[in-house]
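As a plain string of letters, each chain reads:
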Amino acid sequence: MDYGTLSRYNPKLVYCNISALGPDGPDNWRRGNDTVGQARSGFMSSQRTVLGQPGSTGGVSADHMTSITATYGILAALLARERLGIGQEIATSIVGAMVFLQGYNMRPASITRQELPRRDRKSAVNPIANYYECKDGKWILLMVLAADIVWPDVCKALGIQDMEKDPRFENSKKRAENNRELIGILERVFATKTRGEWEEILGKYHRIMYSRINELSELPDDPQITENNYVVEYNQPPFGDVKVAGCPIKFYDTPAGIQTPAPEFAQHTEEVLSGLGGYSQDEIPSSKQKK
């Protein structure tokens with residue numbers, strides 16, 4: 001079932017080959033999975049904690065990124081077939097997809113031959129591009145990049161107007177020099193109100209970029225998430241109604257969505273084998289017999 005065999009029957013075939021470490025190279029034969037991809041691509045090191053230990057995102061992020069990369073490749077090959085009239089084999093891998101994902105950070109690391117420095121939030125160079133814990137134990141992110149322009153708004157929103165002209169914090173350079181001191185002050189400020197209260201306050205200042213830091217368990221309760229169908233609900237036997245990630249793309253004329261629940265074990269065994277032909281009813285095991 002390889003490309004060389006199948007393309008003789010269909011020269012315009014688009015055939016996607018996905019491996020762990022890539023189609024070429026000394027280790028192209030090695031087995032691997034999501035976590036192997038995170039390790040070999042350098043992604044685990046990029047998630048290194050301040051203690052120096054490699055970290056993993058979990059949640060099969062490498063597998064998911066590989067699927068997206070393969071989809072891009074297949075679509076590009078289909079477009080090439082439409083325009084040039086040719087089929088072809090394409091190949092990607094878990095490692096290749098994860099290296100591509102890190103392209104932004106890899107460039108400076110490869111030029112300097114040094115790893116990017118790991119900083120904890122206590123030493124953020126820009127204290128108003130940092131995250132803070134609120135009174136209710138929930139976290140909120142400030143991401144003010146045009147720091148000198150928006151600094152007066154931040155001071156007003158947080159009720160620290162007296163600090164706007166403070167010589168320790170009056171511009172980005174001074175705030176960087178005194179970052180630990182300012183971060184300590186902001187920590188105490190954010191601890192005085194709940195995250196919901198801060199969201200209501202910060203929402204009045206359009207120049208302040210901020211976001212709640214959601215836990216995964218909070219996503220189904222976030223109206224911005226649910227109204228865009230980024231989390232959807234459907235009935236999945238035997239569990240009943242469940243909430244899962246929805247399609248991240250909105251098709252205005254051809255809506256996408258979950259069409260059927262995931263099949264139960266051996267649910268379609270009889271249907272598939274009957275469709276293949278050559279099997280008698282006695283030879284086809286039912287799902288009940290399999291269980």
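Whatever comes next refers back to the structure up there.
Calculation notes
- Residues numbered from 1 in each chain as written.
- Predicted model: local features only at pLDDT ≥ 70, side-chain atom pairs only at ≥ 80, totals over all residues.
- Heavy atoms only, no water.
- Helix = DSSP H or I, 4+ residues; strand = E, 2+ residues; numbered from the N terminus.
- Polar contact = N/O pair within 3.5 Å; in protein donor to acceptor, adjacent residues only side chain to side chain.
- Contact = heavy atoms within 4.5 Å.
- Patch = residues over 30% accessible without salt bridge, like charges linked within 9 Å, V, L, I, M, F, W, Y side chains within 5 Å.
- Areas by Shrake-Rupley, 256 points an atom, 1.4 Å probe, with all protein chains shown as cover.
- Salt bridge = Lys/Arg side-chain N within 4 Å of Asp/Glu carboxyl O.
- Buried < 20%, exposed > 50% of the residue type's maximum accessible area, 1.4 Å probe, protein only.
- Core = buried A, V, L, I, M, F, W, Y, C linked by side-chain atoms within 4.5 Å.

Participant: I'm lost on the side chain of Ser 19 in this one. Help?
Facilitator: Mapped onto the elements of the fold, Ser 19 is located in strand β1 (residues 14–19). Among the polar contacts made by the side chain of Ser 19, one reaches the main-chain amide nitrogen of Gly 22 at a distance of 3.0 Å. Contacts of Ser 19, omitting those with residues within four sequence positions, involve Thr 92, Ser 93 and Ile 94.

Participant: Please explain a nonpolar patch on the surface as it appears in this structure.
Facilitator: Together, Ile 74, Leu 75 and Leu 78 make up a nonpolar patch on the protein surface, roughly 230 Å² of accessible area in all. Among the structural elements, Ile 74 can be located in helix α4 (residues 61–84). The partly exposed category is assigned to Ile 74, whose relative accessible area is 31%.

Participant: What exactly am I supposed to notice about the nonpolar core here?
Facilitator: Within soluble globular proteins, side chains that are nonpolar generally end up buried alongside one another. Ile 128, Val 154, Leu 158, Leu 186, Phe 190 and Ile 208 are the most contacted members of the largest nonpolar core, which has 26 residues in total. Within the residue set of this core, elements represented by two or more residues are β4 (139–143), α7 (147–158), α9 (179–190) and α10 (195–202). Element by element, the count of residues in this core is highest for α7, at seven residues. Other than its neighbours up to four places away in sequence, Leu 186 contacts Pro 127, Ile 128, Tyr 132, Leu 158 and Ile 160.

Participant: Sorry if this is basic, but what is going on with unusual backbone geometry here?
Facilitator: The phi angle of most residues is negative, glycine excepted, and most peptide bonds adopt the trans form. A cis amide bond, omega 0 degrees, links Pro 237 with the succeeding residue Pro 238. Residue placement: Pro 238 occurs in the loop between β6 (231–236) and β7 (240–245). For Asn 229, which is not glycine, the phi torsion reads 60 degrees and is therefore positive. Tracing the chain through its elements places Asn 229 in the loop between α11 (223–227) and β6.

Participant: So what exactly am I meant to see when it comes to the pattern of salt bridges here?
Facilitator: For side chains of opposite charge, pairing can occur when their charged atoms come near one another. In total, this model carries 11 salt bridges according to the counting rule given. As a salt-bridge pair, Lys 122 and Glu 187 come within 2.9 Å of each other at their nearest N and O atoms. With Lys 122 in the loop between α6 (103–112) and β3 (129–133) and Glu 187 in helix α9, this residue pair connects regions lying 65 residues apart in the sequence. Classification of Lys 122 by relative accessible area gives partly exposed; the value is 37%. Its relative accessible area of 23% is what places Glu 187 among the partly exposed residues.

From the geometry alone we can't say anything about function, so treat these as descriptive.
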